[in-house]
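# Examination of the molecular architecture
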Amino acid sequence: MRAVVLALSLALVAPIFAPGKTYVYNYEVSLMTGLPEMGLGRAGVYGNCKFLISAIDQNTLVLKIADIEINEFNGIWLKDHPNLMSMLPKIMEPETSIPIKFEYSNGTVGKIYAPEKVSDFVLNFYKGFLNFFQLNIKKTHNVYDLHEAGIEGVCKTLYSVNEDVKADRILLTKTRDINHCQERIYRDMGLAYTEKCEECQKISKNLRGTASYRYILKPVPSGIMITKADVNEIIQFSPFSEHHGAAQTEIKLTVVFLEIQNTTITPNPVEYHHRGSLKYEFSKEFEWTPLQFVKVTDLQVQIQDLLDHIVTHNAEKVNDNTPLKYLELIHLLRLACNEDLEGLWSKYKNIPSHRLWLLEAVPASGTTTALRFIKEKIVAEDLSVVEAVRTLAAAVHMVTANPETIKLFETLMEDNKINANPVLREIVFLGYGTMISKYCTESDNCLVEFVQPIQKHLSEAVSKGETEDIILYAKVLGNAGHPSSLKSITKIMPIHGTAAASLPIRVHIEAIRALSNIAKKESRMVQELALQLYMDKALDPELRMLSCIVLFETNPSMALISTLANAVKSEENLQVASFTYSHMKSMSRSASVIHPSVGAACNVAMKILSPKLDRLSLRFSKAIYGESYSSYFMLGAAATAFYINDAATFLPRSVVAKTRAFFAGAAADVLEIGVRTDGLQETLLKNPSVLDSADRITKMKRVIKALSHWRSLPNNKPLASFYIKLFGQEIAFANIDKPMIERAIELASGPSVQTYGIKVLKTMLLSGVSFNYTMPVMFTEVRRVIPTSSGLLVELSLFSAAVAAAVVKIKPTLSQRLPEDFPLSRLLETDIKLETEVNPSYAMATYAVMGTNTPIYNQLIVSRVKFNSTLPSKISAKLDIKEGDFKIEVLPVSAPENITAGSVETYTVARNIENPTVEKITPILPSKVLESFPIQILSNKDSSSAEVSLLTLTKFHRAIGLKACFKVATENAAFIHDTALYRMIGSQNASFSITPIEGEAVERLEMEVKVGAKAAEKIIKQINLNDGAATVLSKLNKILASNKNHTLSSSSSSSSSSSSNSRSNSNSSKLSSSRSFSNSSRSSSASSLASLFSAESSSSRDSARRSMVEIQKLFHGNKQFLHKNIANKPILKLTYLGFPQQKANSHRFRKSHKNQLAAVTLCRNALTLKITLTKKKQQEQTTNVRLPFYVTFEKQTNKKKSVSDNTNFNLNLVLKL
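None of these values were measured; they are calculated from a predicted model.

## Thoughts on the packing of aromatic side chains
Considering all chains together, one arrives at 31 aromatic pairs under this definition. Centroid distance Phe579 to Phe642: 5.9 Å. Interplanar angle 40°. Geometry classified as tilted. Note that Phe579 is positioned in helix α22 (residues 574-589) and Phe642 in strand β17 (residues 635-644), a separation of 63 residues in sequence. Of the two residues, Phe579 and Phe642, neither departs from the other in class, the shared state being buried. Here the basic side chain of Lys101 rests over the ring of Tyr272, its NZ or CZ set 4.7 Å away from the ring centre.

## What about the packing of helix α21 (residues 558-569) against α22?
Packing of α21 against α22 brings their axes to within 10 Å, and their N-to-C directions diverge by 140°. Between α21 and α22, the interaxial angle falls into the category oblique. In terms of crossing hand, the pair formed by α21 and α22 is left-handed. Between α21 and α22, the residues in contact are Ile561, Leu564, Ala565 and Val568 and Ala577, Thr580 and Met584, respectively. The residue inventory of the contact of α21 with α22, partitioned by class, reads six nonpolar, one polar and no charged.

## As for unusual backbone geometry
Its identity is not glycine, yet Asp67 carries a phi of approximately 55°, on the positive side. The residue Asp67 is located in strand β3 (residues 60-76) in this model. Residue Asp67 is classed as exposed on the basis of its relative accessible area, which comes to 54%. Unlike most non-glycine residues, Glu381 shows phi in positive territory, near 60°.

## Quick look at the side chain of Gln988
Looking at where Gln988 falls in the secondary structure, it is placed in strand β33 (residues 986-996). With relative accessibility at 16%, the residue Gln988 sits in the buried group. Here the side chain of Gln988 touches Thr970 through a polar contact of 3.4 Å, side chain to side chain.

## Re the state of the cysteines
A complete count under the given rule lists three disulfides for this structure. Disulfide pairing places Cys155 opposite Cys181 at an S-S distance of 2.0 Å. On the sign convention where negative is left-handed, the bridge of Cys155 and Cys181, at about 90° about the S-S bond, is right-handed. Highlighted residues: Cys155 in strand β8 (residues 153-164) and Cys181 in strand β9 (residues 169-184), separated in sequence by 26 residues. The class for Cys181 is partly exposed, based on a relative accessible area of 22%. Each sulfur in the disulfide pair Cys197 and Cys200 lies 2.1 Å from the other. The sign of the S-S torsion, about 65°, decides the handedness of the disulfide formed by Cys197 and Cys200: right-handed. Of the two residues, Cys197 and Cys200, both sit in the buried class. Looking at Cys548, it has no disulfide partner, and the nearest cysteine sulfur is the one in Cys602, 9.2 Å off. A relative accessible area of 0% means that Cys548 is categorised as buried.

## Regarding the nonpolar core
Counting residues in each nonpolar core, the largest one holds 144 residues, and the members touching the most others are Ile303, Leu333, Met584 and Tyr847. Tallying contributions element by element places helix α12 (residues 422-442) first for this core, with 10 residues. Leaving out residues up to four positions away in the same chain, Tyr847 has contacts with Leu291, Leu324, Leu327, Ser797, Leu798, Phe799, Val862, Ser863, Arg864 and Tyr907. Listed in part, the 80 residues of the second largest apolar core include Phe17, Val29, Leu63 and Tyr126.

## Describing a nonpolar patch on the surface
Together, Leu671, Ile673, Val675, Phe722, Ile736 and Met740 make up a nonpolar patch on the protein surface, roughly 420 Å² of accessible area in all. For the nonpolar patch, the element with the most residues is strand β19 (residues 666-676), which contributes three residues. Position of Val675 among the secondary structure elements: in strand β19.

## Observations concerning the side chain of Glu627
Among the structural elements, Glu627 can be located in strand β16 (residues 622-630). Here Glu627 occupies a buried position and makes no salt bridge, while the nearest side chain of opposite charge, Arg660, is found at 8.3 Å. In this structure the side chain of Glu627 is engaged in a polar contact, spanning 2.4 Å, whose partner is the side chain of Tyr625.

## Points about the pattern of salt bridges
On inspection of all chains with the given rule, the structure shows 45 salt bridges. For Glu183, the salt bridge goes to Lys279, with nearest N and O atoms at 2.6 Å. Of the two residues, Glu183 is situated in strand β9 and Lys279 in the loop between β15 (273-274) and α4 (299-312); the sequence distance between them amounts to 96 residues. The salt bridge involving Glu510 is made with Arg513; its shortest N-O contact spans 3.5 Å. With Glu510 and Arg513 both in helix α17 (residues 505-513) and three residues apart, the pair spans about one turn of that helix.

## Concerning helix α13 (residues 452-464)
Helix length check: α13 (13 residues) gives 19 Å between terminal C-alpha atoms against 18 Å at 1.5 Å per residue, within 8%. Along α13, the residues classified as buried are Pro453, Ile454, Gln455, His457, Leu458 and Ala461. One or two residues past the end of α13 sits Gly465, with phi positive at roughly 70°.

## Things to note about the packing of α17 against helix α20 (residues 541-553)
Direction vectors running N to C along α17 and α20 enclose 10°, while the axes themselves pass 9 Å from each other. Classified by the angle their axes make, α17 and α20 are roughly parallel. Residues Ile505, His508, Ile509, Ile512 and Arg513 of α17 pack against Glu542, Leu543, Leu546, Ser547 and Val550 of α20.

## Let's talk about the confidence of the model for the protein chain
Residues at a pLDDT of 70 or more form 75% of the protein chain, whose mean pLDDT is 78. A low-confidence stretch, residues 1020-1030 (pLDDT under 50), is modelled with 18 contacts involving residues beyond four sequence positions or located in other chains. Here residues 1122-1217 scores under 50 on pLDDT; set against residues more than four positions off or in separate chains, the count is 229 contacts.

## Concerning the pairing of β3
With 14 bridges connecting them, strand β2 (residues 41-55) and β3 associate as antiparallel partners. In the sheet register, Asn48 faces β3, and the bridge partner there is Glu69. Between β2 and β3, which follow one another and run antiparallel, lie four residues. Here four bridges tie β3 to strand β5 (residues 100-105), and the two strands are oriented antiparallel to one another. Paired with Leu63 across the strands is Ile100, a residue of β5. Two strands pair when backbone bridges link them, and β3 and strand β4 (residues 83-84) are joined in this way by two bridges, in the antiparallel orientation. What sits directly across from Asn71, in β4, is Leu84.

Rules used throughout
- Residues numbered from 1 in each chain as written.
- Predicted model: local features only at pLDDT ≥ 70, side-chain atom pairs only at ≥ 80, totals over all residues.
- Heavy atoms only, no water.
- Phe/Tyr/Trp six-rings, centres within 6.5 Å; stacked < 30°, edge-to-face > 60°.
- Helix = DSSP H or I, 4+ residues; strand = E, 2+ residues; numbered from the N terminus.
- Buried < 20%, exposed > 50% of the residue type's maximum accessible area, 1.4 Å probe, protein only.
- Lys NZ or Arg CZ within 6 Å of the ring centre and 35° of its normal.
- Axes fitted to C-alpha atoms, helices over the stretch in contact; angles between N-to-C directions.
- Parallel < 35°, antiparallel > 145°, perpendicular 65-115°, else oblique.
- Left-handed = near helix turned anticlockwise from the far one by under 90°.
- Contact = heavy atoms within 4.5 Å.
- Nonpolar A, V, L, I, M, F, W, Y, C, P; charged D, E, K, R; others polar.
- Polar contact = N/O pair within 3.5 Å; in protein donor to acceptor, adjacent residues only side chain to side chain.
- Disulfide = S-S within 2.5 Å.
- Core = buried A, V, L, I, M, F, W, Y, C linked by side-chain atoms within 4.5 Å.
- Patch = residues over 30% accessible without salt bridge, like charges linked within 9 Å, V, L, I, M, F, W, Y side chains within 5 Å.
- Areas by Shrake-Rupley, 256 points an atom, 1.4 Å probe, with all protein chains shown as cover.
- Salt bridge = Lys/Arg side-chain N within 4 Å of Asp/Glu carboxyl O.
- Lys, Arg positive; Asp, Glu negative; His and termini not counted.
- Expected span 1.5 Å × (residues − 1).
- pLDDT = per-residue confidence, 0-100.
- Pairing = 2+ DSSP bridges.

Next up, the structure:
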């Protein structure tokens, strides 16, 4: 035993390979993706091959692969069997037949050499095998840990060495923690605006990885030999807490020593280039889409065919598969070169439908070629201003940032055509800062040269005193967030001498705001500067409050927050004191899950400050912060609002609102909106009467009058300004000043706008209008690729795209033929009928993907969310402009089976290059697993059972001849684990449909509008008291009066609420007692009806029922008079007069009044509602529901006479029974 230990301590250093010999190893690899439970669907790949190693000299070896066999698996784990992919080895043979060379010394793999013909994909597979030979064995330790370089990066590795004396072998294990790495190798796409949330992942992580190696080593005279080794690596991911389940990719590798051959491997007679080290080398991983397997033969032809397919299949409505086709189009455009894009543009630039899809997809592809193409088209003026704005704005956020794209934006900044358009200039300059920020986030090599052009422009603008340019350049530096910009920004702050102090306060505000993004990288430097600004009591209070905001964005320490608290104690400016106090109080009251240290420090600071500051009203500045976070879902949000005021201002000087989201262990600033009211304050204060105490209407009139004097403002003084930030990057800002208002007025009242409007109107009336508008959008493309110990990648991706479309057809019908250039006055003599068909549709698809994505095969688990909606409508409008008669009819249309439908499905998918158009899909939950669980069907009720794994829910609702149906069906894996992740796994479907009830189809819905002096003729008729109105009204008043007396007599024994109600009704009756006979009768009827229907005691209700019987008899006996006069005459205020619902719905009542049932709402002249149900005796019956509205508008003239503008609305609903 001592001899073995001695041999181990002396010779156990590294594996050795003798020159002139070839060592043959058998290599097996397996990658499986799915849930960890057995019996569920999984997707993966099996591989088997041989590796041959020969030593050229002492430190240089040759490695060759042979006998490759690849199998794919897509099915039920431990039940189905893998399928052989026989063509893949032949496809890979031109590369795998070429040996590679590598350096190896003392158990460390050094430089790797290979010809250019060997792709990075094949070379990384070689590295997966060489990763076994990366051993750092210490002579004097059995258990130790270190940071070891490997294919996944430099990660923490634990070694354990044991000896097996009987078998004369050494057992070695090492475990790599992929979550603790000095240098973790991975690549992200679409995460430039996010940052890691450390506090979110202290308890649970969304992504974990670990690899365990086991070696059987055999001592040999000059070292050791690996006789067998295996790896078991797990990469798991969950969008929620990992404690409640996660999807995983399991990698298993096995190396077995076979033999030693007495031959050597000869490298190919080609030039070998240095191709890096053992670390994984990325190349074109993001060109391999996991959503579909695209085999490129003729790229330009394939893009043309796909464009034609998309346009053809979305002519009438959006197809459900269009979002996926749009993502496929974006993928193909990523592979296109500049010549391909030019060829597509020359073919489709004059075809509007194809042009739109092309211009939307090119910036979404995110390549440097796409940005260069957009730049060339803008400079050549091939794009309209709207198209240029849309494509540039999309390119800023979708194009991958690299030195070349940054340089392209720099050249755009110098272009005269861009600078001539204020909107394009703003997008380009702000986009330049955004591109620098994105590049510095994803790269460690963030050069100072990127921000130097802006710093130079800023210095020139300061020397020339160009305020607007200074503000723009400060915003650009704020978007870039480069630490080297801090010096330039400091020069325009009031602390840098008299030159900076003389600049307008707007410049100082933008300089302080620009510190926010720099604070994320250099928080200490920003804290010192912001604290210096805050402590300077000579500064404007608004600047000090903005400095307080920046301080809290740097996650200040306990000492810094205590310093602020002590400063507030002696603060003389109540605005600053109130703002700081409210900010600390909001932070101390929050859940403090995201910022626990800041919340705890603010909690201590609140004990230092006086509670008197909490009593300050809203006239003083405030800061409000709130957050909510769920550790279970690892999802949360935070919102902040800043209200900066001044004691001398009528409105707040500044209002800022911002939101922040936390998801899957990451954080992002979602939206920020800020508004300032500088010039608006000045304009309002020029009219002192605005501040006088007066009623609300008077104040509004004074404010409007004050704003009408905006022309007296100077050109350089804005009325107000606002800015918008998206994901921490300012995307737009504007100053509402005198020149802007004048330009808007000139544009709106210009002859070109009027001429265009008249031209469109005439075209619509003469020939009709028909157009189809489509808008595709790619919401999200977030991808992360992680190398594994096998040399293959595991990808985590999220794709989301949507397409909205609308088809509008307007067909005019005129009572007389009009010439092409008719005057508009002819419309007064023409009856117009417009038949309009509108068919809006929407489709959205989201894909969450995990698995192996390579250029020759895909083995993935996919969760797909699909949503589509369509709501066609048909409207007919009849217009008689001269008489003021307008009638609108909503006609029935043939609707699809489901107006809205959505589904969530989780499945595994396998594709390979042998047959790229064929996908093998397997549901995660096989049907046989679900057969053992009963199906529960619910109708018109909800289920709260957590044990239901198969559920069908159906709800119906019937109204106006239509039946609405809402269906939900779900099959999930909650029977395995009742968690959020397992409830998502499976299949969920929901749909909403509206169908006509058989025999009760809706014929049409009508609305009539009457405008002008004769508007009331259709509703109001004068009541002639000689026709019996006095008799009817007196009887009605007598009945109601008796009920009122009975109510008053019983109110003494009722509750206090009932007494107060009776008194109020009595008072209302007294107020109207001084009117004429007709008016007094009506007012008394109103008060009596109010007391009748508001009676609460049992005796009052009995009296009410008795009175209702007499009222019904009165109405039945005078039905003709009521229908002719009272039904159309508004006499009561907001009181419903009609028959009880249960009485009106009774069979006897319907039988006795089968011809007509009138329910009348009687109110003032402001509103008249009439519902008439008419039932015909024919088999096909029609029901008319008529809702007429009569509105009177009164206005005062200079002669103090009242002038009425009357408008009459009739809403008719026609049902076919």
